[in-house]
Amino acid sequence: MAQGVEGRCLCGAITIEVGIHRAETGACHCARCRRWSGVALNVFTAAPDQVTVTGEVAIYESEIAERAFCPRCGTSLWLQNPGEDYEFMVGIFDGAKDYPLISEIYIDRAFASCRFAGEHTRSTQADYEAKHPHIAEVD
Ligand SMILES: [Zn+2]
Ligand SMILES: [Zn+2]
């Protein structure tokens, strides 16, 4: 467990303080995450009671999760199902630079320009959706 990282959006209108959390990330290449992130989602999780957000955040409801962003500069901030853990975009936290990637999903949907090397768990769309039947991919 790690503690004490601070993140912010590009324009600085939103700042985020995260307390105790796991210092590791997951990646997703599904079409929703690809469009929202620009190519591939890479996030770490934190419990709601460890998170303090300052600034006015906009929310986009994307079927399986709420996606938060800065309404001023457009920075993608986090995904969350209400009441559940936050999934923060790792790149907005300078202190999370060395967090390893431990799992990657929708690998068969990954763009050639964004494939991750290294030892970590990998799941295809079929693998992942078999384990999470409420999720149906959209193109
Ligand atoms: Zn901003
Ligand atoms: Zn996804």
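- The protein goes by GFA family protein in an unreviewed UniProt entry, where it is assigned to Rhodophyticola porphyridii.
- As stated in UniProt under Sequence similarities (unreviewed entry), the record for the protein gives "Belongs to the Gfa family."

**Overview of the coordination of the zinc ion (ligand 2)**
Now for step 1: The coordination sphere of the zinc ion (ligand 2), as far as protein atoms go, consists of C28 (SG), C30 (SG) and C33 (SG), spread over 2.2 to 2.3 Å.
Now for step 2: Sequence positions of the residues that donate to the zinc ion (ligand 2) give the spacing C-x1-C-x2-C.
Now for step 3: We classify C30 as buried; its relative accessible area is 3%.
Now for step 4: Taking the relative accessible area as the measure of exposure, C33 reaches 3% and is therefore buried.

**Quick word on unusual backbone geometry**
Now for step 1: The phi dihedral of Y106 falls on the positive side, at around 60°, and the residue is not glycine.
Now for step 2: By secondary structure assignment, the location of Y106 is in the loop between β10 (101-105) and β11 (121-123).
Now for step 3: Under the relative-accessibility criterion, Y106 is labelled buried at 2%.

**Some points on the pattern of salt bridges**
It is possible for side chains bearing opposite charge to pair when their charged atoms get close.
Now for step 1: Applying the stated criterion across every chain yields a total of one salt bridge.
Now for step 2: Close ionic contact of R122 with E104 constitutes a salt bridge, the shortest N to O distance being 3.6 Å. Of this pair, R122 sits in strand β11 while E104 sits in strand β10, and the two are 18 residues apart along the sequence.
Now for step 3: For E104, a relative accessible area of 3% corresponds to the buried category.

**Remarks on the coordination of the zinc ion (ligand 1)**
Now for step 1: Donor atoms from the polypeptide that bind the zinc ion (ligand 1) are C9 (SG), C11 (SG), C70 (SG) and C73 (SG), placed at 2.3 to 2.4 Å.
Now for step 2: One way to put it: the four donor atoms around the zinc ion (ligand 1) meet at angles of 104 to 113°, and that makes the site tetrahedral.
Now for step 3: Considered as a linear motif, the donors of the zinc ion (ligand 1) on their single chain read C-x1-C-x58-C-x2-C. Separated by 59 residues along the polypeptide, C11 in the loop between β1 (5-8) and β2 (15-18) and C70 in the loop between β7 (66-69) and β8 (76-80) bring together distant segments of the chain.

Rules used throughout
Residues numbered from 1 in each chain as written. Chains lettered and ligands numbered in written order. Predicted model: local features only at pLDDT ≥ 70, side-chain atom pairs only at ≥ 80, totals over all residues. Heavy atoms only, no water. UniProt positions renumbered as here; feature names shortened; annotations may be inferred. Donors = N, O, S within 2.8 Å, 3.2 Å for Na, K, Ca; no water. Buried < 20%, exposed > 50% of the residue type's maximum accessible area, 1.4 Å probe, protein only. Helix = DSSP H or I, 4+ residues; strand = E, 2+ residues; numbered from the N terminus. Salt bridge = Lys/Arg side-chain N within 4 Å of Asp/Glu carboxyl O. Tetrahedral: all angles 85-135°; square planar, octahedral: opposite > 155°, others 65-115°.

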